[in-house]
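# Notes for the structure review
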Protein chains: 2
Amino acid sequence: MKVQLENVLPADIEKRSFEIIGEELGRELDPDQELIIKRCIHTSADFDYADNLKFSENAVQKAMEAIKKGAVIVTDTNMAKAGINKTALARFGGEVHCFIADEDIKEMAKANGTTRATACIDKAAALGKPVIFAIGNAPTALVRIYELIQEGKLKPELVIGVPVGFVNVVQSKELIMSLPDTTYIVAAGRKGGSNIAACIVNALMYKIDNRRS
Amino acid sequence: MKVQLENVLPADIEKRSFEIIGEELGRELDPDQELIIKRCIHTSADFDYADNLKFSENAVQKAMEAIKKGAVIVTDTNMAKAGINKTALARFGGEVHCFIADEDIKEMAKANGTTRATACIDKAAALGKPVIFAIGNAPTALVRIYELIQEGKLKPELVIGVPVGFVNVVQSKELIMSLPDTTYIVAAGRKGGSNIAACIVNALMYKIDNRRS
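Summarised in this report is the structure supplied together with it. (Residues numbered from 1 in each chain as written. Chains lettered and ligands numbered in written order. Predicted model: local features only at pLDDT ≥ 70, side-chain atom pairs only at ≥ 80, totals over all residues. Heavy atoms only, no water.)

Another aspect to go through is the interface of chain A and chain B. On the chain B side, the residues contacting the 41 residues of chain A number 41 residues. Taken over both partners, the interface formed by chain A and chain B buries close to 3400 Å², and the fraction arising from carbon and sulfur atoms is 71%. Contact with chain B buries area across many residues of chain A, yet Met79(A), Phe166(A) and Val167(A) alone supply 22% of it, more than any other trio. On the surface where chain A and chain B come into contact, there are two salt bridges. Across the salt bridge formed by Glu24(A) and Arg190(B), the nearest N and O atoms sit 2.6 Å from each other. (Contact = heavy atoms within 4.5 Å. Buried area = accessible area lost by both parts, 1.4 Å probe. Salt bridge = Lys/Arg side-chain N within 4 Å of Asp/Glu carboxyl O.)

The subject of this paragraph is the relation of the copies chain A and chain B. Each of the two chain copies can be generated from the other by rotation about an axis followed by a shift along it. When chain A is fitted to chain B, the residual RMSD is 0.0 Å, and the transformation amounts to a turn of 180° plus an axial shift of 0.0 Å. The relationship between the two copies is best expressed as a two-fold rotation axis. Scanning chain A for the C-alpha nearest the rotation axis identifies Met79(A), at a separation of 2.6 Å. (Least-squares fit on C-alpha atoms with pLDDT ≥ 70 in both.)

To continue, consider the sheet that holds strand 2 (residues 72–75) of chain A. Residues and elements named next belong to chain A. Ordered in space as 1-6-5-4-2-3, the six strands form an open sheet in which the pairing is mixed. Looking along the sheet, the strands with just one partner apiece sit at the ends: strand 1 (53–55) and strand 3 (96–98). The average undirected angle you get between the axes of adjacent strands in this sheet is 15°. Inspection of the sheet shows strand 5 (residues 158–161) paired to strand 6 (residues 184–187) by three bridges, in the parallel sense. Residue pairing for strand 6: Val159 is matched across the bridge by Tyr184. Of the strands in this sheet, strand 1, strand 5 and strand 6 are in contact with helix 10 (residues 169–177), which crosses strand 6 at around 155°. (Pairing = 2+ DSSP bridges. Helix = DSSP H or I, 4+ residues; strand = E, 2+ residues; numbered from the N terminus. Axes fitted to C-alpha atoms, helices over the stretch in contact; angles between N-to-C directions.)

The following block contains the structure:
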């Protein structure tokens, strides 16, 4: 078996990966969005993210401001929470919550006949703090965010809307993108995931730090 | 904005998703491998997994036996660890470890000039227990597994080799697939991820339970 490993120092792997992504993309990206898009490709090896990521006006700048102000990040899975760089986040005074396994969420969901993800959004809204949602799994979470925004009960700093899947995923993202005054980063279509949700949060933090990959 | 949500009960979403995947695939899969492949597509909305997943001979049956015997699962990221269904795993007496953030790993990696992922594999080998590796991030972890197997110092029950990325990822997977007596499930090519690593572990457990999706 002749397998030739490329001789790249561990510290240089990410830089080299971003170079390869840039070469294979073969086109310029919006400078504000570039590092976010490339990191999603880096996380998935899927170039579809070059086309499916949709940003509301000035979303990246507004998102970076929110992170710098220490906005609370709320994820819909513990996997997305695990993927967010806590060391980077701590420097901005931010914290990340995932309520999905909380006992009160189970009870709320049962009492109201909703998914647990829906109940998590109600709990996040009740925090009364500036919130960034990073939703990589549950379309019902996005639908609930949409409803609460429409009802004037929620005004998130940013909605990262990247659930993955086949039932109501596309629609839930369209709902978020229909909101005129909401800052969002959405992966249109079926693709996304907890890894992509975490990756977008990390990319925004690294962009604040001026990391080039 | 006219967005029409599909009326599917939360409990039925997964079943409906698997139906859609089956319809769009439009071909039969190996019955042993079917639920693993479909769950990877379910996790990523990426039909590439129908073609890129490679199984050593009887890998699924052997993997299920190892889980039933309570093999220890070792992941290379906390994200993969977070994605593994702990309730399901506990019923088989299994446990899941991720050593990547351990203090001794940092020191070992520094002392030996390796990545932390490499050091994690050495630590796992030293457990002296039946181990399933679920590697979704670090090609260096797969390379180390390959080396230790070649040297006769490691005989894992199963290697789930699904790192994602652009540098040495393809090669690290080829190394694993070149091993004649090693049970593996590998996503050939660049794709994979912590979510896919966790998903394959979960799919194997659900298959033992005879869940149909």
